[in-house]
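The primary structure of each chain is shown beneath.
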Amino acid sequence: MNFFRGVIGGQAAGPQPSGAETIQKLCDRVASSTLLEDRRDAVRALKSLSKKYRMEVGTQAMDHLINILQTDRSDSEILGYALDTLYNIICNDEEEEQDESEDENAQKQADDLGALFTDKFIQDPEHVTLLLTLLEEFDFHVRWPGVKLLTALLKNQGVQLQGVILVSPMGVSRLMDLLADSREVIRNDGLLLLQQLTKGNAAIQKIVAFENAFERLLDIITEEGSSDGGIVVEDCLLLLLNLLKNNSSNQNFFKEGSYIQRMKPWFEVGDDNSGWSAQKVTNLHLMLQLVRVMVSPVNSPGATASCQKSMYQCGLLQQLCTILMATGVPADILTETINTVSEVIRGSQVNQDYFASVNAPSNPPRPAIVVLLMSMVNERQPFVLRCAVLYCFQCFLYKNQKGQGEIVATLLPSTIDANSISAGQLLCGGLFSADSLSNWCAAVALAHALQDNLTQKEQLLRVQLATSLGKPPVSLLQQCTNILSQGDKIIRRGSKVQTRVGLLMLLCTWISNCPIAVTHFLHNQENVPFLTAQISENLGEDERLVQGLCALLLGICIYYNDNSLENYTKEKLKQLIEKRIGKENFVEKLGFITKHELYSRAAQKPQPVFPSPEQMLFDHEFTKLVKELEGVITKAVHKSSEEEKKEEEVKKTLEQHDNIVTQYKELIREQDSQIQELKEQVASMTSQNEQKQATITQQLSQIQQHKDQYNILKLKLGKENQSQSNSQGDVSQVNGLQTEELTQLREEVEELRKQHTLLQTQLDDKDALINTLRSEAAQTAEGSAGGSENTELLKELEALRSQVQSQSTEINQLQTEREELLRRAEAGSSDVVHSSDGSLDSAKMAELESRLAAQMTETERLKEETKSLSGSRADLEQQLASATSTVAILQTEKAKLQTEVQESKKEQDDLLMLLADQDQKIHSLKQKLKDLGETVEDEDDLDAREQTDDDEEEEEEEEDED
């Protein structure tokens, strides 16, 4: 203990050990002491020396400190000391706070030292896993140093540590638990830790987002006072930016979770906006950046449009416009708000229409667009604010032909109001002012009003400007070319590169893809000589861009020339270039545009961001136009007249082909509509058919029930006749009756066999007919319904009618059979009258006769129903005139045939049942004859006798031959 007092406390007598020796002894004590108190004191001493002797403690004590974290988990105090010591040797914050007089090499050496110790610590991934496990400890003295240590490790070697944490089980989830800690110090440092963890790693960003990070962070922002909050709100917003920026999955999750709606209260500002604190400005700036991340032009168009729609529906866009028109808002917040509104309305027609309706709170009220343009053309406004207004105007006109038409309309003579300032007047004023930046901004803004809009390009040709008193007005196109080519004063203005570049970009956008504008431009006899002179001269570096733009403008005049002017046809302009400039020289000058250092910067993103006004030369949309036209202009200049003629022929052929395709498309549309109508008709006919089929099915079921009852009566009658014949007392009379009945039954059996054969033949014919109808129905569905096919269908219908008539004949035959059976029943009843129990049999027969009379009545009713069905069938025949109902009618007739075939099969079954009964009766009668002593030969005996006779005849023939 005296040793520790000497290190920590006062001076001891004798020579003092060096720092390295002291650290070595402390490390030995940490490694060898068995008492926890001794180890704790040694680690506390190392902590006190770790800042002054960072190198020595890091190299000698790190392994011992890590061992303490592994072995002494039960003591939170020693764990806290060990974690603080590791933090001191790894963190570079102390060195960052050193005096400015300290040289940079020492600072770099200190940074390298932190990276060296970080690499040593994370060399074993188990150390990081151990540290993540310690973060689960609730003790403040363990959890807080652990959070700080992990943050320092991430600052020094973020990528490597992210990889270790990503594969560690529940690693990210443990860190997310820090946001739920009730101690604000740990929660706030946890925010800093998550900021470092989520930098540049999309996988970790997704895991953090799906660990409910958005909900927790937005709750913290609300608890801390939103934009009026402190540094904690700023940390939450920075973490949200890390999670959402360039991460489409998290952006979609943020939108689907309805978190955009929770952003609206952030932008509620009062009437008094004076005295904003620096922290509030920072917070609101980050909040605006968060909105811009969700609607950034670099996002996918679908995701951006969905977020824009949500922002309008929840009122966020309206709130931003309120800030835009409010007074007292700091300049940097106003600039960022303009940029945010720009991207919220970019490409969204609904949002653009709303922005066009916003008015500034002035007297009289003015549209917000007009107020913003006034700031853009005012040279006293800050440069970044003017750039933001230009960006807002460009986004308002992006894919907004309605807005473009409204802007151009303010320049037309019929709509100019002398008592109010319009957007067109401000743009013209800026275009011809003495400020070159205003010239450039106005030219670019006007070019965006013409972007991809042929109608407005032609409308702008009507704009007339009054240059001075007593002189006739000139067109806007003429005035722009005059600034470039005429007048001493105008030339001095036009000599400014920025002004000339802006005007040339406007002219190129204006006349591109507009042959009428090209004709108007070439109509001025001075324009082409001016352009050729500018291109052919050898000017300095600053003028090379102007030369390239002049070459582009002349190339557009060639490419979009309709040859309406004899002096400036395509061929003559190419000859002029070849004589005055040279084709190779022309192409080289044209390439000056894309080779300019500021061209690639402007092509990266739509927002105009420039370090200084002098570098404001290119517009993003214009770079797209140059990329599109540079190649085709080069080809057009090198092409011969013959190649152009061939191209024109190809174009005409393509136009004819397009016309043919258009005609076919219209024909297909008409056919589609007709098909749709026919489908509707078929559907209605199908429904009607189904209803009629249901009615027919119901009627057929009733008929089948009556037939079943009829068959049952027939069977009962047969049994009663059999019992009556068996009750006769006289044997000779019985034998005579049996012989006569046997003969009669044999004849009936033969007749029934013939009927069965006939019905089987008719059934086969009907099956063949059904197959024929099916094939014809398929052919009819594939082909068109013509008159000849209708005739064939009528023939088929006649065939079907004949089949139905044959079926009616069969029904009549069955009725005849039934009458025969009735006659036999009456004959049997006359025999029964002479028996002893005649009264009882007479009652039974009366009952049978009543039933048969009812069956006759029912049969008559069925005939009437059959007549009504025939009437409905006649109605269906009338519908054959329509080609679309052919298939349905065939299906109906086929269904009828199938039903009748089923009826025939059922009737055959009935006949088979009768045959079986007759066979049974014959067998019983034969048995009785055998019992009475009569010789009765069965069919099998007859067949055997015939076979025997045949054999005997064959033997006799063989003997004769021998």
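Along every chain, residues carry numbers that run from 1 in the direction the sequence is written. In keeping with the model being predicted, local features are shown solely for residues with a pLDDT of at least 70 and side-chain atom pairs are shown and tallied solely at 80 or more, while totals for entire chains, interfaces and linings include all residues. Remark: hydrogens and water are excluded; side-chain values derive from all non-hydrogen atoms of the structure.

## Describing the overall build of the chain
- A run of DSSP states H or I qualifies as a helix once it reaches four residues; a run of E qualifies as a strand once it reaches two. Both are numbered from the N-terminal end. Helix and strand counts for the chain stand at 43 helices and four strands.
- Residue burial in the chain is summarised as follows: out of 962 residues, 44% are buried.
- Put simply, 72% of the contacts in the chain that link residues at least 6 apart link residues at least 24 apart. Under the scheme applied here, a residue whose accessible area is under 20% of the maximum for its type counts as buried, over 50% as exposed, and between as partly exposed, the area being computed with a 1.4 Å probe on protein chains only. When checking whether two residues touch, look at their non-hydrogen atoms; a contact exists if any pair is within 4.5 Å.

## Some details on the packing of aromatic side chains
- For Phe, Tyr and Trp, rings pair up if their centres lie within 6.5 Å, where Trp contributes its six-membered ring, and each pair is then called stacked (planes under 30 degrees apart), edge-to-face (over 60) or tilted (otherwise). Inspection of every chain in the model, using the stated rule, returns twelve aromatic pairs.
- Relative to F267, the ring of W266 has its centre 6.5 Å away and its plane inclined at 55°; by these criteria the two rings are tilted.
- Owing to a relative accessible area of 0%, F267 belongs among the buried residues under this scheme.
- Linked through ring pairs, F210, F214, F253, F254 and Y259 together constitute an aromatic cluster.
- Each ring is checked for a lysine NZ or an arginine CZ that lies within 6 Å of its centre and within 35 degrees of its normal; such an atom marks a charge sitting over the ring. Here K148 stacks its cationic end above the ring of Y87, 5.1 Å away from the centre of that ring.
- Above the plane of the ring of W144 lies K148, whose end atom (NZ or CZ) is 4.0 Å from the centre.

## A word on the nonpolar core
- Judged by nonpolar contacts, the single largest core of 207 residues is most densely connected at L150, L175, F267, F355, W510 and L552.
- Counting residues per element, this core draws most heavily on helix α22 (residues 383-397), at twelve residues.
- Ignoring any residue separated from it by four or fewer positions in sequence, one finds F355 in contact with C321, L324, V341, I345, I369, L372, C392 and F396. Only buried Ala, Val, Leu, Ile, Met, Phe, Trp, Tyr and Cys residues count toward a nonpolar core, and they belong to the same one when joined by side-chain atoms within 4.5 Å.

## Section: the pattern of salt bridges
- We count a salt bridge whenever a side-chain nitrogen from Lys or Arg sits within 4 Å of a carboxyl oxygen from Asp or Glu. Applying the stated criterion across every chain, the model contains 21 salt bridges.
- The partner of R73 in a salt bridge is E137, with the nearest N and O atoms 3.9 Å apart. Separated by 64 residues along the polypeptide, R73 in the loop between α4 (54-71) and α5 (76-90) and E137 in the loop between α8 (125-134) and α9 (140-156) bring together distant segments of the chain.
- A salt bridge links K624 to E621, with the shortest nitrogen-to-oxygen separation between them at 3.6 Å. Linking K624 with E621, this pair stays in helix α37 (residues 620-638), spanning three residues, or about one helical turn.
- A relative accessible area of 41% means that K624 is categorised as partly exposed.
- On the basis of relative accessibility, which here comes to 11%, the residue E621 falls in the buried class.

## Describing the confidence of the model for the chain
- A residue's pLDDT is the predictor's confidence in that residue, given on a scale from 0 to 100. When pLDDT is averaged along the chain, the result is 81; 75% of the residues meet or exceed 70.
- When the criterion is pLDDT under 50, residues 828-840 qualifies, and its contacts beyond four places in sequence or with other chains add up to seven contacts.

## Overview of helix α27 (residues 476-485)
- Of all ten residues in α27, eight are buried, a share of seventy percent or more.
- Of the positions making up α27, those classed as buried are L476, L477, Q479, C480, T481, N482, I483 and L484.

## Points about the state of the cysteines
- When two cysteine sulfur atoms lie within 2.5 Å, the pair is treated as a disulfide. The final tally for this structure, using the stated rule, is zero disulfides.
- Here C392 stays free of any disulfide, with the sulfur of C395 as its closest cysteine sulfur at 6.9 Å.
- For C392, a relative accessible area of 1% gives the class buried.

## Digging into the packing of helix α18 (residues 316-325) against helix α20 (residues 349-357)
- Helix axes are fitted to C-alpha atoms over the stretch in contact, other axes to C-alpha atoms as well, and angles between N-to-C directions run from 0 to 180 degrees. One can describe the packing of α18 onto α20 by two numbers: an axis separation of 11 Å at closest approach and a directional angle of 35°. Here the hand of the crossing between α18 and α20 comes out right-handed. Mapping the contact onto sequence places L317, Q318, C321 and L324 in α18 and N351, Y354 and F355 in α20.
- The nonpolar class holds Ala, Val, Leu, Ile, Met, Phe, Trp, Tyr, Cys and Pro. Asp, Glu, Lys and Arg form the charged class, and all remaining residues, Gly among them, are polar. Split into classes, the residues belonging to the contact of α18 with α20 amount to five nonpolar, two polar and no charged. Handedness of a helix crossing follows the sense of rotation of the near helix relative to the far helix, less than a right angle counterclockwise being left-handed and clockwise being right-handed.

## Concerning the packing of α8 against helix α10 (residues 158-167)
- Running from N to C, α8 and α10 point in directions that differ by 65°, and their axes come no closer than 10 Å. The pairing of α8 with α10 is recorded here as roughly perpendicular in orientation. In terms of crossing hand, the pair formed by α8 and α10 is right-handed. Listed contacts from α10 to P125, V128 and L132 of α8 are L161, V164 and I165. Here the word oblique covers every angle except those under 35 degrees (roughly parallel), over 145 (roughly antiparallel) and from 65 to 115 (roughly perpendicular).

## What about helix α17 (residues 301-313)?
- With 13 residues, α17 should cover 18 Å at 1.5 Å per step; its first-to-last C-alpha distance of 18 Å lies within 8% of that length.
- Turning to α17, its buried residues number three or more, namely T304, C307, Q308, S310 and M311. Projection of α17 onto a plane perpendicular to its axis shows the buried side chains occupying an angular sector of 165°, all on one side. Turned more than 90 degrees away from the buried face of α17, the exposed residues are P301, G302, K309 and Q313.
- Structurally, α17 contributes buried residues whose contacts are with α15 (248-256), α16 (278-294), α18, α19 (331-345) and α20. Multiplying 1.5 Å by the residue count of a helix minus one yields the expected span of that helix. Picture the helix axis, draw a direction to every C-beta atom, and the arc is the one those directions span.

## Quick notes on the side chain of K255
- In this fold, K255 is placed in helix α15.
- In this structure, K255 is in contact with I260, M294, S306, C307 and S310, ignoring residues within four places of it in sequence.

## What to know about the environment of F210
- The residue F210 is located in helix α13 (residues 202-223) in this model.
- What F210 contacts, discounting residues up to four positions off in sequence, is S249 and F253.

## Digging into a nonpolar patch on the surface
- Taken together, the side chains of I660, Y664, L667 and I668 make up a nonpolar region of the molecular surface, amounting to roughly 380 Å² of accessible area.
- Relative to the elements of secondary structure, Y664 occurs in helix α38 (residues 641-726). Think of a patch as exposed residues, more than 30% relative accessible area, with no salt bridge, where like charges cluster within 9 Å and nonpolar side chains (Val, Leu, Ile, Met, Phe, Trp, Tyr) cluster within 5 Å. Surface exposure here means Shrake-Rupley accessible area, sampled with a 1.4 Å probe, where a residue is shielded only by the protein chains that are shown.

## Here we look at unusual backbone geometry
- Unlike most non-glycine residues, S258 shows phi in positive territory, near 60°.
- Positive phi, close to 55°, is recorded for K399, a residue that is not glycine.
- Looking at where K399 falls in the secondary structure, it is placed in the loop between α22 and α23 (401-409).

## Some thoughts on the environment of V281
- Tracing the chain through its elements places V281 in helix α16.
- Expressed as a C-alpha distance, the spacing of V281 and I333, which sit 52 residues apart in the sequence, is 6.9 Å.
- If we ignore the near neighbours within four places in the chain, the residues touching V281 are W276, P330, D332 and I333.

## Some words on the environment of L166
- If you trace the backbone, L166 turns up in helix α10.
- Under the relative-accessibility criterion, L166 is labelled partly exposed at 34%.
- Spatially, the C-alpha atoms of L166 and N201 are 9.8 Å apart, while their sequence positions differ by 35 residues.
- If near-sequence neighbours (up to four positions away) are discounted, L166 is found in contact with A203, I204 and I207.

## Quick word on the side chain of R346
- By secondary structure assignment, the location of R346 is in the loop between α19 and α20.
- When charges are counted, Lys and Arg contribute as positive and Asp and Glu as negative, whereas His and the chain ends are disregarded. One buried charged residue, R346, forms no salt bridge at all, with the nearest opposite charge on E621 at 4.1 Å.
- Non-local contacts of R346, meaning those with residues more than four positions away in its chain, are made with P297, Q308, Q352, Y391, C395, Y398, P606 and E621.

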